[in-house]
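Each chain, letter by letter, is given below.
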Amino acid sequence: MNYKYFPHTDTELKEMLEVCGKRSLDELFDEIPENIQFKRDYNLPSEMSEVELRRFFAELGAKNKPLTCFAGAGCYDHYSPAVISHIISRSEFLTSYTPYQAEISQGTLQYIFEFQSMMTELTGMEVGNASMYDGATATAEAMMMAVSAAKKKNKVLVTSTLNPNVKAVVETYAKYQGIELDYIAECGGVSDKADFEEKVAKGDVAGVIVASPNYYGIVEDYEGWADACHAQKALLIMNCQASTLGAIKSPGEWGADIAAGDGQSLGIPMNFGGPYVGFLCTKKALIRKMPGRVVGATKDLNGKRSFVLTLQAREQHIRREKATSNICSNQSLMALYVTIYLALMGSKGLKEVNELSYSGAHYLAEQLCNTGKFEMAYADKPFLNEFAVKTTLDIDKLQAECAAKGILAGVKIADDTLLLCVTELRSKAEIDKLVDIVKQF
């Protein structure tokens, strides 16, 4: 029989229990308090034939109601070429753990190297790693890099226009790392440059975190921000939505020192919230401050191109107090997903994805405003595929009505504000259907 993972034999289990000083597997969980242990039977039949099992899960899956997605806010419904699922299911790719043994891990090392290369090209940076679980933790790790590089400064400025979910993770990391956070004020849906300049000029800031596009979908203008940071020996960190980098100005072009974010928008299905893939790219001067691992290209004894783990700044490899981070490993399979997606789409395909998304989003925004029931929350600000609208309608009831008719109508971000997103997957007919529901509401 083929096993994706080899099971333990009864003899092996007995030997392991003897080493642990336990008589049974149940004893391994003795430390779990009795009052939180699950004592009831699972709501599952004890056994089924294959036909019954397939029918059971088909019926269970049918309870999910597929909706046409007009929501974003960090998770995007982009096209995913069918060939990707086929390739990542190959046995040599199925396990995503760290490729410690280079001599038997050349395939894994190569695609990690290619992922790094593609992400550095997208972000306009010099080096990248392949060890971030998602965009939120990648941004938090970037914050820690900035503080580590500054040595004697532990304050980081965070724009108020950053996605609240990312902001919450950054705050959690900061709390337990002894990092002080301060916030750049929001003005008209964008970061207040005057407030930023005043705060960074005090000279006690290690890093500044901004967003592109920001939480409201606005593509902010960061001209001069990098210079202001560097004048005070602070680092500029840019949280990015990966797919949009195929069309808008890259962090490298803005002069940023670190680019971090989520790669989910590069073809990874929404998957009920994961798994996703984070990316972190930076300048060469900061490479030894990067968390996780960096794969490099070299030559073997026969002069053939080969790949190795060049840097591994994890606590498994060096003293715990010297480790930059312990985050790593299981992101690798999704990094392969992104690598195949980018190889298939190319720069031309990624540009087309953004052109279609832009056209659809601007068409939806115009049509909603034409109903007289919505107005742009930030009318004079540029956006790509995501935008915020204000309304006097009851948003909860509107979203419920849309859901009943098969549409996920955005994300409610305030009592009177709805955040909507359009990707290349949304057709004109789908957009018109949403608008018609609004007209009749």
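Summary of the structure given here. Just so it is clear, the model here is predicted, and its values are computed rather than measured. All residue numbers here refer to positions counted from 1 along the written sequence of the relevant chain. Local features in this predicted model are restricted to residues whose pLDDT is 70 or higher, and side-chain atom pairs enter the listing and the counts only when it is 80 or higher, whereas totals over whole chains, interfaces and linings include all residues. The side-chain quantities take in all heavy atoms of the structure and omit both hydrogens and water.

### A few points about the state of the cysteines
Phase 1 of the analysis: Only a pair of cysteine sulfur atoms within 2.5 Å counts as a disulfide in this structure description. All chains considered together, the criterion is met by zero disulfides.
Phase 2 of the analysis: No disulfide involves C240; its sulfur sits 8.9 Å from the nearest other cysteine sulfur, which is in C281.
Phase 3 of the analysis: Looking at C421, it has no disulfide partner, and the nearest cysteine sulfur is the one in C69, 7.2 Å off.
Phase 4 of the analysis: Relative accessibility decides the category of a residue: with a 1.4 Å probe and only protein chains considered, values under 20% of the type maximum give buried, values over 50% give exposed, and everything between is partly exposed. Under the relative-accessibility criterion, C421 is labelled buried at 2%.

### Thoughts on unusual backbone geometry
Phase 1 of the analysis: In this chain, S212 is followed by P213 through a cis amide linkage whose omega measures -15°.
Phase 2 of the analysis: One can find P213 in the loop between strand 7 (205-212) and helix 9 (225-231).
Phase 3 of the analysis: Cis rather than trans, the peptide bond between G274 and P275 has omega equal to 5°.
Phase 4 of the analysis: A helix here means a DSSP run of H or I that spans at least four residues, while a strand means a run of E at least two residues long, and both kinds are numbered starting from the N terminus. Following the sequence through the fold, P275 ends up in the loop between strand 9 (258-262) and strand 10 (278-282).

### So, helix 13 (residues 428-440)
In an α-helix, one full turn covers 3.6 residues, which means residues spaced three or four apart are oriented alike.
Phase 1 of the analysis: Given the number of residues in a helix, its expected span is that number minus one, multiplied by 1.5 Å. With 13 residues, helix 13 extends 18 Å from end C-alpha to end C-alpha; this agrees with the ideal 18 Å at 1.5 Å per step.
Phase 2 of the analysis: Those residues of helix 13 that sit buried are I431, L434, V435, I437 and V438. Each buried residue of helix 13 sits inside an arc of 155° when the element is viewed along its axis, so together they form one side. Exposed residues pointing more than 90 degrees away from the buried face of helix 13 are listed as K428, A429 and Q440.
Phase 3 of the analysis: Whether two residues are in contact is decided by their heavy atoms: any pair within 4.5 Å suffices. Residues of helix 13 that are buried sit in contact with helix 11 (332-370), strand 13 (374-376), helix 12 (395-404), strand 15 (407-408) and strand 17 (417-421). The arc in question is traced by the directions running from the helix axis to the C-beta atoms.

### Thoughts on the pairing of strand 4 (residues 180-184)
Regular strands place side chains that alternate from one sheet face to the opposite one.
Phase 1 of the analysis: The pairing of strand 3 (residues 155-159) with strand 4 spans five bridges and is parallel. Considered in strand 4, the bridge of V156 is made with L181.
Phase 2 of the analysis: Note on handedness: a crossover is taken as right-handed if, strands pointing away from the viewer, the path from the first strand over the helix to the second is clockwise. In this region the chain leaves strand 3, passes through helix 7 (residues 164-177) and returns to the parallel neighbour strand 4; the handedness of that crossover is right-handed. Strand pairing is defined by DSSP finding a minimum of two bridges between the two strands.

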